[in-house]
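What follows is the residue order along each chain.
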Amino acid sequence: MLLDHLNQKLQAIAARDLTRVLREAESATAPLQRVRGADGQSRELLMFCSNDYLGLAAHPALADALAEGARLYGAGSGSSHLISGHSSAHAALERALAATVAPAIPNAEALFFCTGFMANLAVLTALGDADAVIFSEELNHASLIDGARLAKAPVQRYAHCDVAQLDALLGACTARIKLIVTDAVFSMDGDVAPLDALLAQAERHDAWLVVDDAHGFGVLGPQGRGTLAHFGLRSERLIMVGTLGKAAGVAGAFVAAHPTVIQYLIQAARAYIFTTAAPPAVAHALLQSLALMAGDEGEQRRANLVRLQAQLRTGVGAILARRPGLGWRLVASDTPIQPLVIGENAAALRVAAILDRAGLRVPAIRPPTVAPGTARLRITLCGTHTAADIDRLLAALADAAQELA
Ligand code: PMP
């Protein structure tokens with residue numbers, strides 16, 4: 001029965017061109033990566049799809065730090081943080097993360113998590129109790145949506161970046177605790193939330209602002225301190241979630257906030273308490289990655305990203321201007337996430353397949369990850385891409401535009 005039921009659902013997914021396919025990467029994450037496709041063929045592809053925005057995932061200094069961490073602390077943490085899994089590597093990383101965020105959040109403390117998904121579940125389930133109301137941006141990441149669903153607090157959704165609607169909802173709310181929850185950089189659109197206006201709303205309505213900076217930490221702001229720093233914000237009402245498997249190049253996440261918030265998460269957040277701590281070696285490597293992010297190499301790669309973004313936008317703009325009938329749209333974005341909206345699922349898959357033939361990997365993102373009719377190529381750039389890499393992508397996109405026109 002179960003298998004029949006699941007097979008029917010799988011067929012329905014396939015009928016809507018929504019089947020997701022796993023591919024095996026056979027070499028380190030980098031612009032050029034050896035990948036085994038669903039057909040079993042192994043090929044070197046030019047990748048425009050990772051979230052390794054600074055190209056640190058394969059940095060030799062990080063691989064060395066990971067190995068050194070394993071020699072110092074072993075392979076695993078052995079238990080959850082509150083039992084015996086909390087090592088001095090975790091504690092040192094938390095101090096370094098708190099210092100990184102301190103300009104935005106006075107007296108910030110930081111708490112390290114195994115993944116960003118768990119950090120978001122932890123924050124929303126612990127703080128979103130029956131006394132609270134959660135105000136959730138409509139394009140928030142799945143982990144924030146699920147965290148809000150698991151929380152006891154009722155959830156009110158506001159439209160994308162619609163500060164006026166949020167203002168009205170907050171004004172009508174009589175709950176004691178109000179939590180505004182937003183992505184800082186929207187993961188499928190690449191645009192940046194108006195955090196300055198959202199923080200002003202939090203102050204006006206005695207609310208708190210939870211910011212998921214998965215895609216801004218390491219990329220935006222001075223020394224890559226993130227989107228709060230990019231806006232120059234500073235407030236005790238800010239709760240920041242940063243992930244460490246994207247620009248930081250390793251794995252894990254952190255929550256940075258007022259010490260009382262952090263102390264409460266340690267006591268109450270089930271996604272923190274009831275899980276094995278990440279390997280201390282991961283924390284040890286992340287200390288090295290914070291240094292790389294803030295240092296000259298980080299600066300250079302962020303500067304390169306800005307150049308590559310401009311090159312890509314100009315080139316795609318020219319392709320779209322030549323073929324207005326296609327109906328493709330490059331989403332307005334100043335971040336390394338540069339989505340090209342194609343429209344229907346089948347068309348987006350076709351463009352991705354044409355790029356794949358040309359040796360380029362840009363995945364087609366389809367519903368439910370994005371709204372129906374807005375299937376897209378989520379092009380992501382890495383600080384170690386070159387101008388020649390962008391030229392190759394543009395040439396392949398021009399070919400795809402011609403084929404579909
Ligand atoms: N938040 C956002 C906005 C994300 O894009 C992601 C991952 N794609 C996460 C949270 C989850 O982070 P992690 O991958 O570390 O679980």
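Thresholds, definitions, all that
Residues numbered from 1 in each chain as written. Predicted model: local features only at pLDDT ≥ 70, side-chain atom pairs only at ≥ 80, totals over all residues. UniProt positions renumbered as here; feature names shortened; annotations may be inferred. Domains from an automatic or database assignment. Contact = placed C-beta atoms within 7 Å. Helix = DSSP H or I, 4+ residues; strand = E, 2+ residues; numbered from the N terminus. Nonpolar A, V, L, I, M, F, W, Y, C, P; charged D, E, K, R; others polar. Pairing = 2+ DSSP bridges. Axes fitted to C-alpha atoms, helices over the stretch in contact; angles between N-to-C directions. Near = placed C-beta within 6 Å. Parallel < 35°, antiparallel > 145°, perpendicular 65-115°, else oblique. Left-handed = near helix turned anticlockwise from the far one by under 90°. pLDDT = per-residue confidence, 0-100. Buried ≥ 20, exposed ≤ 12 C-beta atoms within 10 Å, placed from the backbone. Right-handed = clockwise from strand over helix to strand, strands pointing away. Arc of directions from axis to C-beta.

The chain has the name 8-amino-7-oxononanoate synthase in an unreviewed UniProt entry, where Acidovorax carolinensis is given as its organism. Recorded in UniProt under Catalytic activity (unreviewed entry), the annotation for the chain is "6-carboxyhexanoyl-[ACP] + L-alanine + H(+) = (8S)-8-amino-7-oxononanoate + holo-[ACP] + CO2". In the Function (unreviewed entry) part of its UniProt record, the chain is described as follows: "Catalyzes the decarboxylative condensation of pimeloyl-[acyl-carrier protein] and L-alanine to produce 8-amino-7-oxononanoate (AON), [acyl-carrier protein], and carbon dioxide."

A. Expanded view of the domain arrangement of the chain. Considered domain by domain, the chain is made up of domain 1 (23-52 + 297-404) and domain 2 (60-294). For domain 1 and domain 2, the distance between their C-alpha centres works out to 28 Å. Taken together, the contact between domain 1 and domain 2 spans 18 residues of the former and 16 residues of the latter. Elements supplying a minimum of two residues to the side of domain 1 that touches domain 2: helix H13 (296-322) and strand S12 (337-343). Grouping the amino acids of the side of domain 1 that touches domain 2 by side-chain chemistry returns 7 nonpolar, 6 polar and 5 charged.

B. Highlighting the sheet that holds strand S15 (residues 375-380). In spatial order, the strands read S11-S12-S15-S14; together these 4 strands make up an open sheet with antiparallel pairing. What marks the edges here is a single partner per strand, and that holds for strand S11 (329-330) and strand S14 (364-365). Packing against the sheet, helix H14 (residues 345-357) makes contact with S12, S14 and S15, and its axis sits at approximately 35° to S15.

C. Region of interest: the site of the ligand. Close contacts around the ligand come from 14 residues, with Thr115, Gly116, Phe117, His141 and Ala214 the closest. The biggest single contributor to the shell around the ligand is helix H5 (residues 116-127), with 3 residues. In terms of residue class, the shell around the ligand is made up of 3 nonpolar, 9 polar and 2 charged.

D. Quick look at the packing of helix H7 (residues 163-171) against helix H8 (residues 195-204). Packing of H7 against H8 leaves a shortest axis separation of 10 Å and a crossing angle of 15°. Considered as vectors, H7 and H8 are oriented roughly parallel to each other. Both H7 and H8 take part in a crossing whose hand is right-handed. Residues Val163, Leu166, Asp167 and Leu170 of H7 lie in contact with H8, whose contacting residues are Ala197, Leu198 and Gln201.

E. Up close: the packing of H5 against helix H6 (residues 142-150). At their nearest, the axes of H5 and H6 sit 8 Å apart, and the two run at 30° to each other. As for how H5 packs across H6, the hand of that crossing is right-handed. Of the residues in H6, those touching H5 at Gly116, Phe117, Asn120, Leu121, Val123, Leu124 and Thr125 are Ser143, Leu144, Asp146, Gly147, Ala148 and Leu150. When the residues that make up the contact of H5 with H6 are grouped by side-chain class, the tally is 7 nonpolar, 5 polar and 1 charged.

F. Inspection of the sheet that holds strand S7 (residues 177-183) at higher detail. With respect to topology, 7 strands assemble into an open sheet ordered S4-S10-S9-S8-S7-S5-S6, the strand pairing being mixed. Single-partner strands in this sheet number two, and they are strand S4 (109-113) and strand S6 (155-158). When strand polarity is set aside, the average angle formed by the axes of neighbouring strands in this sheet is 20°. Of the pairings in the sheet, the one linking strand S5 (residues 132-137) to S7 comprises 5 bridges and is parallel in character. Residue pairing across strands places Phe135 opposite Ile180, the latter belonging to S7.

G. Geometry of the confidence of the model for the chain. For the chain, per-residue confidence averages 97 on the pLDDT scale, and 100% of positions sit at 70 or higher. For this predicted complex, the interface confidence reaches an ipTM of 0.99, while the overall pTM sits at 0.96.

H. Here's a closer look at the pairing of S5. The element S5 is largely enclosed, with a buried count of 5 among its 6 residues. Strand direction decides the pairing type here: S5 and S6, joined by 4 bridges, are parallel. Bridged to Phe135 within S6 is Gln156. With H6 bridging S5 and its parallel neighbour S6, the resulting β-α-β unit is right-handed.

I. Up close: helix H10 (residues 259-268). What H10 keeps buried is the set Val261, Ile262 and Leu265. What you see down the axis of H10 is that its buried residues fit within an arc of 95°, all on one side. Turned more than 90 degrees away from the buried face of H10, the exposed residues are Pro259, Thr260 and Gln267. Of the surrounding secondary structure, the elements contacted by the buried residues of H10 are S4, H5, strand S9 (238-243), strand S10 (253-257) and helix H11 (270-273).

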